[in-house]
Amino acid sequence: AMKVLIVGHTCFSTQNNMGKTLASLFTSFPKDDICQLYVQPMMPNVDKSKSYYRITDTDALRSIFMARDSCVGKAFSYEQNFATNRGSNDNGGLKSKIYSVGRKRTSGIYIARNAIWHLSKWYSRDLRQWIRDFGPDVLFFASGDYQFAYDIAYRISCDFDIPMIMYCCD
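Another aspect to go through is the pattern of salt bridges. Inspection of the entire model under this criterion finds five salt bridges. A salt bridge links Arg-113 to Asp-57; its shortest N-O distance comes to 2.8 Å. In this pair, Arg-113 sits in helix α5 (residues 107–119) while Asp-57 sits in helix α2 (residues 57–63), placing the two residues 56 residues apart along the sequence. The pair formed by Arg-113 and Asp-57 is uniform in burial state, with each residue classed as buried.

Here the focus is the nonpolar core. One recurring pattern in soluble globular proteins: nonpolar side chains tend to sit buried together. Formed by 26 residues in total, the largest nonpolar core has its most connected members in Leu-5, Leu-37, Leu-127 and Ile-156. Setting aside anything within four residues of it in sequence, one finds Leu-5 in contact with Cys-35, Gln-36, Leu-37, Trp-130, Ile-131, Phe-134, Pro-136, Val-138, Leu-139, Phe-140 and Ile-156.

In this description, an aromatic ring pair is defined by two values, namely the gap between the centres and the angle between the planes. Taken as a whole and assessed by the stated rule, the structure comprises 12 aromatic pairs. Every member of this aromatic cluster is reached through a ring pair, and the members are Phe-12, Phe-26, Phe-29, Phe-140 and Tyr-167. One cation-aromatic arrangement involves Lys-3 over Phe-134; the distance from NZ or CZ to the ring centre is 4.9 Å. One residue, Arg-128, lies across the ring of Tyr-123, its end atom 5.3 Å from the ring centre.

Before going further, it helps to spend a moment on the environment of Asp-145. When you line up the elements, Asp-145 lands in the loop between β5 (138–142) and α7 (147–159). By relative accessible area, Asp-145 is classed as partly exposed at 45%. Residues Asp-145 and His-9 lie 136 residues apart in sequence; the distance between their C-alpha atoms is 9.7 Å. Separated by 3.3 Å, the side chains of Asp-145 and Tyr-110 make a polar contact.

Bringing the packing of α5 against α7 into the picture now. Two numbers describe a pair of packed helices, the interaxial angle and the distance between the axes. At a minimum axis distance of 8 Å, the contact between α5 and α7 shows a crossing angle of 30°. Taken together, α5 and α7 sit at an angle that is classed as roughly parallel. Between α5 and α7, the residues in contact are Arg-113, Asn-114 and Trp-117 and Gln-147, Phe-148 and Ile-152, respectively. Of the residues in the contact of α5 with α7, the class split is three nonpolar, two polar and one charged.

Further remarks concern the pairing of strand β3 (residues 51–54). Neither face of β3 is open: one carries Ser-51 and Tyr-53, the other Tyr-52 and Arg-54, and all of them are buried. Sheet topology note: the β3/strand β4 (residues 74–76) ladder contains three bridges and is antiparallel. Residue pairing across strands places Tyr-52 opposite Phe-76, the latter belonging to β4.

Calculation notes
- Residues numbered from 1 in each chain as written.
- Predicted model: local features only at pLDDT ≥ 70, side-chain atom pairs only at ≥ 80, totals over all residues.
- Heavy atoms only, no water.
- Salt bridge = Lys/Arg side-chain N within 4 Å of Asp/Glu carboxyl O.
- Helix = DSSP H or I, 4+ residues; strand = E, 2+ residues; numbered from the N terminus.
- Buried < 20%, exposed > 50% of the residue type's maximum accessible area, 1.4 Å probe, protein only.
- Core = buried A, V, L, I, M, F, W, Y, C linked by side-chain atoms within 4.5 Å.
- Contact = heavy atoms within 4.5 Å.
- Phe/Tyr/Trp six-rings, centres within 6.5 Å; stacked < 30°, edge-to-face > 60°.
- Lys NZ or Arg CZ within 6 Å of the ring centre and 35° of its normal.
- Polar contact = N/O pair within 3.5 Å; in protein donor to acceptor, adjacent residues only side chain to side chain.
- Axes fitted to C-alpha atoms, helices over the stretch in contact; angles between N-to-C directions.
- Parallel < 35°, antiparallel > 145°, perpendicular 65-115°, else oblique.
- Nonpolar A, V, L, I, M, F, W, Y, C, P; charged D, E, K, R; others polar.
- Pairing = 2+ DSSP bridges.

Written out as structure tokens, the structure reads:
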């Protein structure tokens, strides 16, 4: 079996187009062979991955002011998410407001968001250990509009010496 680390903005979900696309692309993969790193504040509502690691823009921004080895983001399983959150997203909260501003996609938003991620400490010891524990054979990158996502995928691919497959769609 081939273990796939999916990196992108969105998690498996029936609530948005990329989430649905990812779910359909990986339909025949056993969930134990899939892990997903993503950056949106939403939670998966379909059980397609062994484990998730979510780092939001808020986490990235907060990490700029934190100690170097602090945990940025959080690993969780689908079951843990539903046991603690019942699958809820951050509707109406700070993260939701930040993402609604970010969806406007002005040049200022692109510059600010990419700068935050560039300065952030997203590449934490916890994230690297989570990747090592999974032991991916390949990185599947669901690209988007923001440079920081390319930087994340490329760094992980190089540091863990795993090939990257990039998927672009619109």
